[in-house]
Amino acid sequence: MLAVLRSGWLTTGPEVERFEHDFAAAAGSRHAVALSSGTAALAAGMQALELAPGDEVILPTLTFAASANAIVHAGATPVFADVDPSTLLLDGADVERRITRRTRAILAVDYAGQPCDYDQLSRLAEACSIELVSDACHSLGGSYCERPVGSVAHWTAFSLHPAKAITSGEGGVLTTDDAGLANRVRRFSRHGIVRPDGERASTQPWFYEQVDLGLNLRLSDLGCALARSQLRKLPGWRERRRAIAEFYAAELAQLPGIQPLAACADREHAWHLYVVRIHPELAGLDRDRLFRALHAEGIGAQVHYIPVHLHPYYREQFGTHAGQCPVAESAYEQILSLPLFPAMSDADAARVVAALKRLLSPHRRCIPCDA
Ligand SMILES: *Cc1c(COP(=O)(O)O)cnc(C)c1O
């Protein structure tokens, strides 16, 4: 980053190309486009599908709102599908039920860092001649049947937000094997402007043309320099996340009323989140009380996510309502993300487990009401 500051480039310079090259190699894709956020990657990817009003894109409701918003920004309609109760990943059978003549794409989301069942989803997409694209903002570093996330869908969006696997402050990346799509995404991120090459570039070096409507969604040279150095640390960080997840799984196995999500053997989980379900009748307290009790001890548990179809915007603009995705809705009442980050020490993880053991003990049901 200091070298970039000294070079005077700051924005689109040599670090962008270097980072895109390294990222494409890590994601197993032919092309990578660096963008200003994960949201920008999703929005540019949706734009590149050239959707028309009335076109539908199916996505799981258990995701961050940005996944659905990208579809709306591209002028199409998001159709919310339910999730599998054991993994909370997109339920292929429910997707199939929601496919109509207007369906143009499926947006898979690798919730918590576990890749979706891409074989099942691609068979479905192929049978219906629709696109399969992926929100992999949680799953950088993961893989599906030995294929890295970033190489399995038509395009894949990643986030470089500080909460994600690696960061550039704010940033995102779209990967694809489709050169035409990569060009459309790059063009959209630069105001829809193209610069001619060949003779004109030397005779009229000022010349450019806007051929499409776009935005400025570029990632700076500074951001790319930071992200490139972070990318080198990804394997070690992923390993640390996996070790903490294994520790949690072993320690929580005997505790009543707490159930980690299922991890499938055919995939490499990126362990962005460690999500458990709390069954209040066995645990002796519900998710909300456990959340407050943990926070009272300085343990930063979280809830990911409120199902997107329940948000007021989607209810009002798209007529979504409770009851549409019953599995996600009931999971939402029970899910809790335990602290999980590479800098977490063994002692930190042990403190989380000790607190859970104390709070979930069936003999200690009396949690102070103000906790
Ligand atoms: C973080 C995230 C995004 C958005 O990424 P930003 O870089 O914050 O714009 C989109 N989808 C999911 C599932 C995410 O977790």
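Placed above this text is the structure.
The structure contained in this document is the topic of the report that follows. As the structure is a computational prediction, the values presented were derived from the model and not from experiment.

This brings us to the site of the ligand. In the vicinity of the ligand, 16 residues are found, and the nearest of them are Gly38, Thr39, His138, Ser159 and Lys164. The contact in question runs from an oxygen atom of the ligand to an N or O atom on the backbone of Gly38, over 2.8 Å. Take Lys164: an N or O atom from its side chain is 2.9 Å from an oxygen atom of the ligand. Surface burial for the ligand is 92%, taken as the share of its 380 Å² of free accessible area covered by protein chains. Mapped by element, the contributors of at least two residues to the shell around the ligand are helix H3 (38-48) and helix H4 (65-73). If one sorts the elements of the shell around the ligand by residue count, H3 sits on top with three residues.

Glancing now at H3. Along H3, nine of the eleven residues are buried, which leaves the element largely enclosed by surrounding structure. Residues of H3 that are buried include every one of Gly38, Ala40, Ala41, Leu42, Ala43, Ala44, Gly45, Met46 and Ala48, and no others. Positive backbone phi, at 50°, marks Glu50, one or two positions downstream of H3.

This model, assessed by the stated rule, comprises 18 salt bridges. A salt bridge links Asp212 to Arg187; the nearest nitrogen and oxygen atoms lie 2.9 Å apart. Note that Asp212 is positioned in the loop between strand E11 (209-210) and helix H9 (221-252) and Arg187 in helix H7 (residues 179-188), a separation of 25 residues in sequence. Taken together, the salt bridges that share partners define one network made up of Glu15, Arg18, Asp22 and Arg228.

Moving on to the packing of aromatic side chains. Enumeration according to the criterion identifies twelve aromatic pairs in this entry. Centroid distance Tyr313 to Phe318: 6.2 Å. Interplanar angle 65°. Geometry classified as edge-to-face. Tyr313 gets classed as partly exposed once you look at its relative accessible area, which sits at 40%. Given the relative accessible area of 27%, Phe318 is considered partly exposed. Here the aromatic residues Phe80, Tyr313, Tyr314 and Phe318 are joined through ring pairs into a cluster of three or more.

Our next topic: the packing of helix H2 (residues 14-27) against H9. Where H2 meets H9, the closest approach of the two axes is 8 Å, and the angle between their N-to-C directions is 35°. The way H2 lies across H9 gives a crossing that is left-handed. Of H9, the residues touching H2 (which contributes Pro14, Glu15, Val16, Arg18, Phe19, Asp22, Phe23 and Ala26) are Asp221, Cys224, Ala225, Ala227, Arg228 and Leu231. Tallied by class, residues from the contact of H2 with H9 come to nine nonpolar, no polar and five charged.

Here the focus is the sheet that holds strand E6 (residues 143-144). As summarised here, the arrangement of the three strands in space is E7-E6-E13, forming an open sheet in which the pairing is antiparallel. Sheet topology places strand E7 (147-148) and strand E13 (267-268) at the edges, where each strand pairs with a single neighbour. For E6 and E7, the ladder comprises two bridges, and the chain directions are antiparallel. Within E7, the residue paired with Tyr144 across the bridge is Arg147.

Considering the arrangement of structural elements, one finds His311 in the loop between helix H11 (287-296) and helix H12 (312-318). When its relative accessible area of 26% is taken as the criterion, His311 is described as partly exposed. Along the chain, His311 and Arg101 lie 210 residues apart, while their C-alpha atoms are 26 Å from each other.

What follows deals with the side chain of Asp135. Take Asp135: it is sitting in strand E5 (residues 131-135). No salt bridge is formed by the buried Asp135; its nearest oppositely charged neighbour, Lys164, is found at 6.8 Å. When residues no more than four places from it in sequence are discounted, the contact partners of Asp135 are Leu42, Thr63, Ser67, Leu107, Ala108, Val109, Asp110 and Ala157.

Inspection of the secondary structure assignment puts Glu246 in helix H9. For Glu246, a relative accessible area of 48% gives the class partly exposed. Between the alpha carbons of Glu246 and Glu199 there is a distance of 59 Å; along the sequence they are 47 residues apart. Among the polar contacts listed, one links the side chain of Glu246 to the side chain of Arg242, at a separation of 2.4 Å.

Rules and cut-offs
- Residues numbered from 1 in each chain as written.
- Predicted model: local features only at pLDDT ≥ 70, side-chain atom pairs only at ≥ 80, totals over all residues.
- Heavy atoms only, no water.
- Near = heavy atom within 4 Å.
- Polar contact = N/O pair within 3.5 Å; in protein donor to acceptor, adjacent residues only side chain to side chain.
- Areas by Shrake-Rupley, 256 points an atom, 1.4 Å probe, with all protein chains shown as cover.
- Helix = DSSP H or I, 4+ residues; strand = E, 2+ residues; numbered from the N terminus.
- Buried < 20%, exposed > 50% of the residue type's maximum accessible area, 1.4 Å probe, protein only.
- Salt bridge = Lys/Arg side-chain N within 4 Å of Asp/Glu carboxyl O.
- Phe/Tyr/Trp six-rings, centres within 6.5 Å; stacked < 30°, edge-to-face > 60°.
- Axes fitted to C-alpha atoms, helices over the stretch in contact; angles between N-to-C directions.
- Left-handed = near helix turned anticlockwise from the far one by under 90°.
- Contact = heavy atoms within 4.5 Å.
- Nonpolar A, V, L, I, M, F, W, Y, C, P; charged D, E, K, R; others polar.
- Pairing = 2+ DSSP bridges.
- Lys, Arg positive; Asp, Glu negative; His and termini not counted.

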